[in-house]
Amino acid sequence: MALDMRTPNPVTANRQRTLMSSARTSASFDSFELTCMIYGSAHIVKDRRAAFERVETILGTRDTSVLPSNYAYTSREDLYMQGLTWGKAAIEDSIQYQHPFFDNSTPQNSLANSSPFGMTRAMVELGIQLCASEEQKRQWLPLFRTGKMIGAYCQTELGHGTFVRGLETTATWDPDTDEFVIHSPTLSSTKFWPGALGFSCTHALVMAQLVVQSKTYGPHLFMVQLRSLEDGTPLPGITLGDIGPKMSYNTTCNGFATFDQVHISRKAMLMGHAKVTSDGSYSGSPNSKLIYLTMLKVRTTVVKSAASQLAEAVTIATRYSVVREQGAGAESSHSIEKTIMWYKSQHFRILTIIAKAYAILFASRTLDAAYEGSREEQQEGAFTSLPYVHGLASGIKAWSTQIAADGAEDARKCCGGQGYLSISGLPDKVAAITALATLEGENYALWQQLGRYLFKCLDRIAENEDLDPRMQYLADGYIRHLDGINTLQYISRPCTATGHEFLDLDVQLSIYRHTALRLILAAHTALYTSEKPYAEAWNDNLMLTIAAARAHNQYTVVSSFISHINSLPSTTSPALKTVLSYLSALFALSEIINPQSINAISYVEDNHLSHAQLDSIRDVVNGLLEQLLPESVALTDAWDFTDASLCSAIGMADGDVYETVMEWVKQLPINRKAWDEDGGVFQPGWREMVAPVLKGKL
Ligand SMILES: Cc1cc2nc3c(=O)[nH]c(=O)nc-3n(C[C@H](O)[C@H](O)[C@H](O)COP(=O)(O)OP(=O)(O)OC[C@H]3O[C@@H](n4cnc5c(N)ncnc54)[C@H](O)[C@@H]3O)c2cc1C
């Protein structure tokens, strides 16, 4: 007997479709207006939709009744070939139609480096733009932009990731040939992890220790050809391979590379900042941090990706939650089943995750603006705002990727058993988001970088020196005492708000400001009053430093959310403004009362908020949840994800969960073989393993 594989996706109304439709129509605002706000304009939304439609049509993924191939064919080789297939479709579309939609993210809304072609745009072209000379840009950019060269960004080694200065690969200038020799001197210097390095790229930007006339100048970037452009084989002296299956990102070939005395032209060193001339003289970069500009810029992209990937996960969970029904148990008066969204715990989890996705989106805009401002300043040869931007990017990247990973995992749990199915799309999305906490600056290293910047600000305040204007709240927050080592003092003003006053944005900001000022000074004092050597004192106080950095970041993020809402264009509809301001308040207040938020305890540990005030905040949050419940589906629809890109049997826009789950499950190769060939049982397993057990032939 064969399973019916051709069940069409029913278009007739079923209960789930009806529930979805009413959840969607309950919104008070037009989700398209929010879509335009997310992506920039109606024109961009139209072009973006067209790009997705073209690529999804080529890939054949728009027919959602067909089981997506990534759930059917899952070997290492299969997944890599699928990544090549959709990566090729995306890059060809971008080149033909000259658009940026797949520059930093894939047709599945994942970060572009999960495509074998993705590193070219996302990091290599960027590295060239930021670190190469004008001549080098003219030479390389057109080749990468037209697909004539495919890139990887090779920094991490088997032995070193976070500690970039500890990289061991060397680039030694050879005076006899006026070339650099790229070499891997140890096993631990093997380049390990770079996306596309395994089998897809032709060239790589390689981070190596520059050695000129026996002097080491630290890590610099070099353009190295790795493979023959004719047949893809590695060039002499270079060994390349794949690093194997990963939690996610299996559609690309993260790889390893070793170099055995590989000669490259001197002009292959990226010489936009530091230079080596033909007589072996070295001139350094005007600012030592410029070598890391590519990573800084990519961090801004990672933050945007964290927002959209979290939005993807919560879109699936929201859609499932408004169509999935469960009763509350025999002892409950709710004998009639309710959609799971009705239960307050689900309602709280889903809506706070939605709020976090928007908080990250708006924080990313603040970061982008600061980054662009700093770039303009750098074009004029000034670097004064670079430390601020570096601190800002460190905090927002570490925070956003952590809450996106935690939020996506909770969104998955919100879908119960079905969320554990691969075909829900959630396991892979959760695993992909988790990588963001590690790549482009490991989060715990980044918290420390922000902490270091904050302490420098406090030192400047103590010395009565100017701060970046965006850090003025620190200068305003402390009183200077000119005697003793602890020269700064924070005078705390207790929070006096009650009831609905917590909806006041200034009240919310003042709570966050108080906590930041208190924790930054506490960490600074602990560090500077320690009698241990600095490195030991730093390590002893690391958790205080991280708490301080997190508190400052929370203040920045809440300020950014509020200021974006305050500066919405005058054309924004009142309904949308209201919904976004509720969302901002939900974000700010739920972080304080939710015991699962990392910082929750810091808002109450000094009694700045009393027990009664916490109860008031809980009431206000409950009110916000009620207001926002009818908006849930529209708030996630606004991200404009296609069904094909969500690739989720339980997250279809039309709510058709059960039909899709069963259609896809029936098409799994293991079921097809069992039903089409073996009479409803998987014969190899039954014959060789189950039957002998049954027949006692152990
Ligand atoms: C999906 C993915 C794609 C990647 N793509 C690329 C790529 O294209 N190119 C590339 O070059 N690399 C790539 N990487 C590698 C990535 O950049 C590194 O994994 C990252 O920099 C972290 O380094 P590590 O793995 O050596 O971790 P480690 O530095 O060994 O960190 C391990 C643990 O030690 C802790 N730790 C380390 N140092 C400190 C410290 N000073 N203080 C406190 N705690 C510390 C960290 O917090 C972490 O918990 C990729 C990684 C992933 C997961």
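Since the model is a prediction, treat every value here as computed from it, not as a measurement.

(A) Local environment of a positive patch on the surface. Taken together, Arg 165, Lys 289, Arg 452 and Lys 456 make up a surface patch of like positive charges. Mapped onto the elements of the fold, Arg 452 is located in helix H12 (residues 443-462).

(B) Region of the structure containing a nonpolar patch on the surface. There is a patch of nonpolar side chains on the surface, built from Trp 686, Met 689, Val 690 and Leu 694 and spanning about 420 Å² of accessible area. Mapped onto the fold, Met 689 is located in helix H23 (residues 683-694).

(C) Layout of the site of the ligand. Neighbouring the ligand are 19 residues, the closest being Tyr 153, Thr 156, Thr 162, Glu 442 and Gln 448. Thr 156 places a side-chain nitrogen or oxygen 2.7 Å from a nitrogen atom of the ligand. At 2.6 Å from an oxygen atom of the ligand is found a side-chain nitrogen or oxygen belonging to Glu 442. Look at the ligand: alone it shows 970 Å² of surface, and the protein chains cover 66% of it. Those elements giving two or more residues to the shell around the ligand turn out to be strand E1 (151-154) and H12. Considered class by class, the residues forming the shell around the ligand number nine nonpolar, nine polar and one charged. When we break the shell around the ligand down by domain, the ones giving at least three residues each are domain 1 (16-40 + 295-328 + 336-441 + 632-660) and domain 2 (149-293).

(D) Quick look at the pattern of salt bridges. Taken as a whole and assessed by the stated rule, the structure comprises 33 salt bridges. A salt bridge links Arg 266 to Asp 178; the nearest nitrogen and oxygen atoms lie 2.7 Å apart. A residue pair is termed long-range when its members are at least 10 positions apart, and Arg 266 in the loop between strand E9 (262-265) and strand E10 (275-276) and Asp 178 in the loop between strand E2 (170-174) and strand E3 (179-183) qualify at 88 residues. Beyond isolated ion pairs, a larger network of salt bridges with shared partners links Asp 103, Arg 121, Glu 125 and Arg 145.

(E) Local environment of the domain arrangement of the protein chain. On domain assignment, one finds that the protein chain holds domain 1 (16-40 + 295-328 + 336-441 + 632-660), domain 2 (149-293) and domain 3 (444-480 + 489-629). Each of domain 1 and domain 2 was reduced to a C-alpha centroid, and the two centroids are 35 Å apart. At the junction of the two partners, domain 1 supplies 14 residues and domain 2 supplies 11 residues. Here domain 1 packs against domain 2, burying approximately 1,100 Å² in sum over the two surfaces, 66% of which is carbon and sulfur. Along the contact surface separating domain 1 from domain 2 lie zero salt bridges. For the pair domain 1 and domain 2, the number of links is one residue pair in polar contact (both at pLDDT 80 or more). At five residues, the largest contribution of residues to the side of domain 1 that touches domain 2 is made by helix H11 (residues 426-436). Of the residues in the side of domain 1 that touches domain 2, the class split is 10 nonpolar, one polar and three charged.

(F) Summary view of the UniProt feature "domain: Acyl-coenzyme A oxidase N-terminal" (unreviewed entry) in the protein chain. Look at the UniProt record and you will see "domain: Acyl-coenzyme A oxidase N-terminal" (unreviewed entry) annotated at residues 32-150. Helix makes up 66% of residues 32-150 and strand 0%, and the two end C-alpha atoms of the span are 36 Å apart.

(G) Main features of the packing of aromatic side chains. Following the criterion strictly, the structure yields 17 aromatic pairs and no others. Summarising the aromatic geometry, the rings of Tyr 388 and Tyr 453 are spaced 6.5 Å apart at their centres and angled 70° between planes, so their arrangement reads as edge-to-face. Of this pair, Tyr 388 sits in helix H10 (residues 386-413) while Tyr 453 is found in helix H12, placing the two residues 65 residues apart along the sequence. In this structure, Tyr 388 and Tyr 453 share a single accessibility class: buried. Geometrically, the ring pair formed by Phe 455 and Trp 538 is edge-to-face, given 5.9 Å between the ring centres and 80° between the ring planes. A residue pair is termed long-range when its members are at least 10 positions apart, and Phe 455 in helix H12 and Trp 538 in helix H15 (residues 534-540) qualify at 83 residues. Chaining the aromatic ring pairs together yields one cluster made of Phe 362, Trp 399, Phe 561 and Phe 587. One residue, Arg 48, lies across the ring of Tyr 39, its end atom 4.1 Å from the ring centre. Here the basic side chain of Lys 338 rests over the ring of Trp 342, its NZ or CZ set 4.7 Å away from the ring centre.

(H) Layout of the nonpolar core. Of all hydrophobic cores here, the largest spans 171 residues; its most connected members are Leu 34, Tyr 358, Trp 399, Leu 474, Tyr 478, Phe 502 and Leu 635. The element contributing the most residues to this core is helix H8 (residues 293-323), with 17 residues. Counting residues in hydrophobic clusters, the runner-up holds 34 residues, among them Leu 84, Phe 117, Cys 154 and Ala 204.

(I) Just unusual backbone geometry, in detail. Positive phi is not limited to glycine here, since Asn 109 has a value of about 65°. For Asn 109, the location among the structural elements is in the loop between helix H5 (76-97) and helix H6 (118-131). Phi at Tyr 249 is positive, roughly 60°, even though this residue is not glycine. Here Tyr 249 lies in the loop between strand E7 (238-242) and strand E8 (255-259). By relative accessible area, Tyr 249 is classed as buried at 9%.

(J) Highlighting the environment of Ala 653. For Ala 653, the position within the fold is in the loop between helix H20 (643-646) and helix H21 (657-666). As a C-alpha pair, Ala 653 and Ser 560 span 93 residues in sequence and 31 Å in three-dimensional space. When residues no more than four places from it in sequence are discounted, the contact partners of Ala 653 are Met 20, Arg 24, Arg 319 and Asp 643.

(K) Structural context of the side chain of Ser 65. Within the fold, Ser 65 resides in the loop between helix H3 (42-59) and helix H4 (69-72). Separated by 2.7 Å, the side chains of Ser 65 and Asp 63 make a polar contact.

(L) Geometry of the packing of helix H16 (residues 542-566) against helix H17 (residues 574-593). Look at H16 against H17: their axes get within 9 Å of each other, and the N-to-C directions meet at 165°. On the basis of the axis angle, H16 is roughly antiparallel to H17. Handedness of the crossing formed by H16 with H17: left-handed. Here Gln 554, Val 557, Val 558, Phe 561, Ile 562 and Ile 565 of H16 lie close against H17, whose contacting residues are Leu 580, Ser 581, Leu 583, Ser 584, Phe 587, Ala 588 and Glu 591. Looking at the contact of H16 with H17 residue by residue, the classes come out as nine nonpolar, three polar and one charged.

Conventions we followed
Residues numbered from 1 in each chain as written. Predicted model: local features only at pLDDT ≥ 70, side-chain atom pairs only at ≥ 80, totals over all residues. Heavy atoms only, no water. Patch = residues over 30% accessible without salt bridge, like charges linked within 9 Å, V, L, I, M, F, W, Y side chains within 5 Å. Areas by Shrake-Rupley, 256 points an atom, 1.4 Å probe, with all protein chains shown as cover. Salt bridge = Lys/Arg side-chain N within 4 Å of Asp/Glu carboxyl O. Lys, Arg positive; Asp, Glu negative; His and termini not counted. Charge placed at Lys NZ, Arg CZ, Asp CG, Glu CD. Helix = DSSP H or I, 4+ residues; strand = E, 2+ residues; numbered from the N terminus. Near = heavy atom within 4 Å. Polar contact = N/O pair within 3.5 Å; in protein donor to acceptor, adjacent residues only side chain to side chain. Nonpolar A, V, L, I, M, F, W, Y, C, P; charged D, E, K, R; others polar. Domains from an automatic or database assignment. Contact = heavy atoms within 4.5 Å. Buried area = accessible area lost by both parts, 1.4 Å probe. UniProt positions renumbered as here; feature names shortened; annotations may be inferred. Phe/Tyr/Trp six-rings, centres within 6.5 Å; stacked < 30°, edge-to-face > 60°. Buried < 20%, exposed > 50% of the residue type's maximum accessible area, 1.4 Å probe, protein only. Lys NZ or Arg CZ within 6 Å of the ring centre and 35° of its normal. Core = buried A, V, L, I, M, F, W, Y, C linked by side-chain atoms within 4.5 Å. Axes fitted to C-alpha atoms, helices over the stretch in contact; angles between N-to-C directions. Parallel < 35°, antiparallel > 145°, perpendicular 65-115°, else oblique. Left-handed = near helix turned anticlockwise from the far one by under 90°.

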